[in-house]
Structure formats: C-alpha cells, structure tokens
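# Observations on chain architecture
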Amino acid sequence: MGVGEKFKPDPKQKTVYFIYLIMAAAIPVIVTLIPVLAVPVLVPEVWRTAWFFVSLPFILALAIVAFVIYWVQKYVASITYTLAEGGVLVERGVWWKMKQMVPYGRVMSIDVIQGPISRKFGLGSVQVHTAGYTGPRGGSSGPGSRGAEAAVWGVKNFVEIKEAIMEQVRGRPLFAAHKEGASDVSLEIL
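Here the structure is a predicted model, which is why all the values come from computation and not from measurement.

### A word on the pattern of salt bridges
In this structure the tally under the stated criterion is 4 salt bridges. Note that Lys6 is salt-bridged to Glu91, the shortest N-O span being 3.9 Å. With Lys6 in strand E1 (residues 6-7) and Glu91 in strand E3 (residues 87-92), this pair connects stretches of sequence that are 85 residues apart. Between Glu91 and Lys99 there is a salt bridge, with the nearest N and O atoms lying 3.8 Å from each other. Of the residues examined, Glu91 reaches a relative accessible area of 19% and is grouped as buried. In this structure Lys99 comes out as exposed when scored by relative accessible area, which is 62%.

### With respect to the nonpolar core
With 21 residues, the main nonpolar core has Val88, Val126, Val128 and Ile165 as its most contacted residues. Mapped onto this core, the elements with two or more residues apiece are strand E2 (80-83), E3, strand E5 (107-113), strand E6 (124-130), strand E7 (150-155) and helix H4 (158-169). Tallying contributions element by element places H4 first for this core, with 5 residues. Once residues lying within four places of it in the same chain are set aside, the contact partners of Ile165 are Leu83, Val88, Tyr104, Ile110, Val126 and Val128.

### Here's the deal with the packing of aromatic side chains
This model, assessed by the stated rule, comprises 4 aromatic pairs. On the basis of an interplanar angle of 5 degrees and a centroid distance of 5.9 Å, the ring pair of Phe67 and Trp95 is categorised as stacked. On the criterion of sequence distance, the pair formed by Phe67 in helix H2 (residues 44-78) and Trp95 in the loop between E3 and strand E4 (98-103) is long-range, its members being 28 residues apart. Here Phe67 falls in the partly exposed class, since its relative accessible area comes to 42%. Since its relative accessible area comes to 52%, Trp95 is described here as exposed. Through a chain of ring-to-ring contacts, the aromatic side chains of Tyr17, Trp71 and Tyr75 assemble into a single cluster.

Cut-offs and rules
Residues numbered from 1 in each chain as written. Predicted model: local features only at pLDDT ≥ 70, side-chain atom pairs only at ≥ 80, totals over all residues. Heavy atoms only, no water. Salt bridge = Lys/Arg side-chain N within 4 Å of Asp/Glu carboxyl O. Helix = DSSP H or I, 4+ residues; strand = E, 2+ residues; numbered from the N terminus. Buried < 20%, exposed > 50% of the residue type's maximum accessible area, 1.4 Å probe, protein only. Core = buried A, V, L, I, M, F, W, Y, C linked by side-chain atoms within 4.5 Å. Contact = heavy atoms within 4.5 Å. Phe/Tyr/Trp six-rings, centres within 6.5 Å; stacked < 30°, edge-to-face > 60°.

Following this line, the structure appears as structure tokens:
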C-alpha cells in the first residue's frame, strides 16, 4: 500500500451490506406478508374488494428493499480511500458527497475491526481516531459514541493498511503542523 495510491472496498462488501439488509428487512417484510397471506384465507369476501389495500404494506416494503439494493451498489461504488502524503483521505457519497481527511499528525489510535459476517468474507475495517473525538469520556464504543474520523471499510488487506498508516504516523510529532522555518512551539513551552 503506497502513499498516494487510491483504493476501493472489496466487491464482496456489497454482499456484506446485502446480508445486513436481509437481516434488517426480514422482520418488516414478514410482518407485512402475514396479512397478505392470511386475509384471503380467513376473509375471502374482504380480499375480493380490498386486495390492493391489504397488499399495499407488502408492496411498499418490497419497494424499499429494491431501492436499498440499488443504493448499496451506488454507495459502495462511490467510496474511495487514499493514504495521501498528509493523511488518510476518505471520499464517499451517492447524493451527499463527503470528503474526510485525517492528518497523520493528529492520529491517536488505529483500530482494526472484523465482525462475524465480514470475517466470513475475509474483510475488515481500519478505524482512525484522533484525540477528543472518539466519544463521550474518551470511550469509543457504546451508544452515543461518535466513532472514528476516518473509517476504511470492507477491505481484505486491513492489517496492511493499518501498518501503512502506522508507518506514516511513527516519528511524526503529535499534533504536528510544522512548516519550514516555523519555530517548534513545544520546545518554546518547555
């Protein structure tokens, strides 16, 4: 993984998102399917006159699932990661484009995360954290946490990416924004 090289999530990340979608959509689709299947059996006279209204929640749930399937493909295609000269750059977004740059001099910790579904597909993520941003009271997990400033999701070489970022972070002064000819404020403070 070279500095300045752009890369994208592995194509299997779409499958991981689709599995999440199936898990999240299964309950609403089943719940809306029950009346569609039960009404014709239990009350056939109602079915003849109101089949459209009884089927409407199921049709709506299927439309939402179809839209999310379309959106997942567009979203994953929009993601680009770059280990740039100055920091980690994450670009993504279908409608709202986001560009996040985390300078190497601000990096406090880097986490590697691999959930059970991602692990099945050999994918993982690299979470880049800076001081004071990771959540309430310095914690980085649980409800209300704000997460990482830069997240590299759905990549096979997540350990290699973590090491490449660590290599850029090592040896840099913390919170460095040094320019040629600028005085070192930390030395002046000492």
